[in-house]
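# Examination of the molecular architecture
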Amino acid sequence: MKQARSILAILLFGCAVMAVVDGVIQPGYAIKSLVKLTLFLGLPRWWSRQAGVSLRPLFARPRQGLGWAAGIGAGVFAVILGGFFLTRGIFDFSDLTTALTAGTGVRRENFLWVALYISFVNSLLEEFFFRGFGFLLLRRYLPRRPALGLSCLAFALYHVAMTLGWYGLPVQLLTLAGLALGGWIFCRLDEHSGSLWLSWVVHLGANLATNAIGFLLFAA
């Protein structure tokens, strides 16, 4: 239980600090990314050295499943993008780019580079923190269901806290439910493969879709 408590403490601390950084301090995107890298990568590496646990198995290439993970990622891409087109007449997304620009300094001119970083690097960092560290390692010290539930909850609350004030309560609740479901799917993928690559491929598809929506909103 000692190891489980330390993993949960790092998950909670990382999410809480990033919530303050995103919602209160609101530095530029580069500074925010450096803070996140320190919390989501540095703290788990520090823990692994203290606990004598190797993180390398989390990055082992799965023997199978990458193909159908890519198919799921493509499906997620289509669902997210399709959901945007279906609901943009119901929900007002017009303030999203304003909040993004004011909060992080992301603008139409630099959005391409931010989108590439979010899609390929940030998604891998989150998979490592929430699925590799926060589930695959946590389930060694906790029963499977609590480890799964805590990982999904941390993932969902982290993202909702990051976007507070961007849009209304109905969209926030819908986002929370979708993120929790996404976290569950990611955990199940990694549970069968023992590494985080399958969930990263699906996460990549989701991020590509949200960034495509960002391009559409900036272009409007």
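Predicted model only: the values in this text are computed from it and were never measured.

Moving on to the overall build of the protein chain. Looking only at helices and strands, one finds eight helices and zero strands in the protein chain. For the protein chain, the succession of helices and strands along the chain, N to C, is α-α-α-α-α-α-α-α. Counting across all 220 residues of the protein chain, residues that qualify as buried make up 44%. Within the protein chain, residue pairs in contact and separated by at least 24 positions form 79% of the contacts whose partners lie at least 6 positions apart. When the accessible surface of the protein chain is split by element, carbon and sulfur atoms take 70% of a total near 11,300 Å².

Take helix 2 (residues 29–51) next. In this model, helix 2 (23 residues) spans 32 Å end to end at C-alpha, consistent with the 33 Å of a helix rising 1.5 Å per residue. For helix 2, the principal kink sits at Gly42 and spans about 30°; a proline, Pro44, occurs within the next four residues. Gly52 lies just past helix 2 and shows a positive phi near 70°.

The next subject is the confidence of the model for the protein chain. The pLDDT averaged across the protein chain works out to 87; a share of 90% of its residues lies at or above 70. Element-level mean pLDDT values for the protein chain span from 62 in helix 4 (residues 96–104) up to 94 in helix 2.

Mapped onto the secondary structure, Gly82 falls in helix 3 (residues 66–87). Residue class for Gly82 comes out partly exposed when judged on its relative accessible area of 27%. Spatially, the C-alpha atoms of Gly82 and Ala209 are 9.4 Å apart, while their sequence positions differ by 127 residues.

With 42 residues, the main nonpolar core has Phe40, Phe130 and Leu137 as its most contacted residues. Not counting residues up to four positions away in its chain, the partners in contact with Phe130 are Leu11, Cys15, Phe40, Phe135, Ser151, Ala154, Phe155 and Tyr158. Grouped together as the second largest cluster of nonpolar side chains are seven residues, Tyr29, Phe111, Ala115 and Phe218 included.

Let us look at the packing of helix 5 (residues 111–137) against helix 8 (residues 197–219). The interhelical angle for the contact between helix 5 and helix 8, taken along N-to-C directions, is 150°, at an axis separation of 9 Å. Here helix 8 runs roughly antiparallel to helix 5, going by the angle between their axes. Two packed elements cross with a definite hand, and for helix 5 against helix 8 that hand is right-handed. Contacts between helix 5 and helix 8 involve Phe111, Leu112, Ala115, Ile118, Ser119, Phe120, Ser123, Leu124, Glu126, Glu127 and Arg131 from the former and Trp197, Ser199, Trp200, His203, Leu204, Asn207, Leu208, Asn211, Gly214, Phe215 and Phe218 from the latter. Per-class residue counts for the contact of helix 5 with helix 8 are 12 nonpolar, seven polar and three charged.

Glancing now at the packing of aromatic side chains. Per the counting criterion, the structure on display carries 17 aromatic pairs. A centroid spacing of 6.4 Å and a plane angle of 75° characterise the contact between Trp47 and Tyr141, whose relative ring orientation is edge-to-face. Here the residue Trp47 occupies a position in helix 2, and Tyr141 occupies one in the loop between helix 5 and helix 6 (144–162), the gap between them amounting to 94 residues. For Trp47, a relative accessible area of 3% puts it in the buried group.

What follows is about the environment of Ala69. By the element assignment, Ala69 lies in helix 3. Residues Ala69 and His203, spaced 134 residues apart in sequence, show a C-alpha to C-alpha distance of 9.7 Å. Residue contacts for Ala69: discarding those within four places in its chain leaves Leu198, Val201 and Val202.

Turning next to unusual backbone geometry. Excluding glycine, most residues fall at negative phi; most peptide bonds, likewise, are trans. A positive phi angle is found at Gln26, which is not glycine, with a value near 50°. We classify Gln26 as partly exposed; its relative accessible area is 39%.

Here we come to the layout of surface pockets. Remark: the empty space left among the atoms is shown by a probe the size of a water molecule rolled over them. Within this model, the second largest pocket holds a volume of roughly 240 Å³. Of all the elements in the fold, those that place two or more residues in the lining of the second largest pocket are helix 1 (2–25) and helix 6. Across the lining of the second largest pocket, the residue classes tally to 12 nonpolar, no polar and no charged.

The rules behind each value
- Residues numbered from 1 in each chain as written.
- Predicted model: local features only at pLDDT ≥ 70, side-chain atom pairs only at ≥ 80, totals over all residues.
- Heavy atoms only, no water.
- Helix = DSSP H or I, 4+ residues; strand = E, 2+ residues; numbered from the N terminus.
- Buried < 20%, exposed > 50% of the residue type's maximum accessible area, 1.4 Å probe, protein only.
- Contact = heavy atoms within 4.5 Å.
- Areas by Shrake-Rupley, 256 points an atom, 1.4 Å probe, with all protein chains shown as cover.
- Expected span 1.5 Å × (residues − 1).
- Bend = angle between axes of the 7 residues up to and from the residue.
- pLDDT = per-residue confidence, 0-100.
- Core = buried A, V, L, I, M, F, W, Y, C linked by side-chain atoms within 4.5 Å.
- Axes fitted to C-alpha atoms, helices over the stretch in contact; angles between N-to-C directions.
- Parallel < 35°, antiparallel > 145°, perpendicular 65-115°, else oblique.
- Left-handed = near helix turned anticlockwise from the far one by under 90°.
- Nonpolar A, V, L, I, M, F, W, Y, C, P; charged D, E, K, R; others polar.
- Phe/Tyr/Trp six-rings, centres within 6.5 Å; stacked < 30°, edge-to-face > 60°.
- 1 Å grid on protein atoms, 1.4 Å probe; cavity = no way out; pocket = protein on both sides within 12 Å on 5 of 7 lines; lining within 4 Å.
- Points joined across faces, edges and corners; volume = space filled by probe spheres on them.

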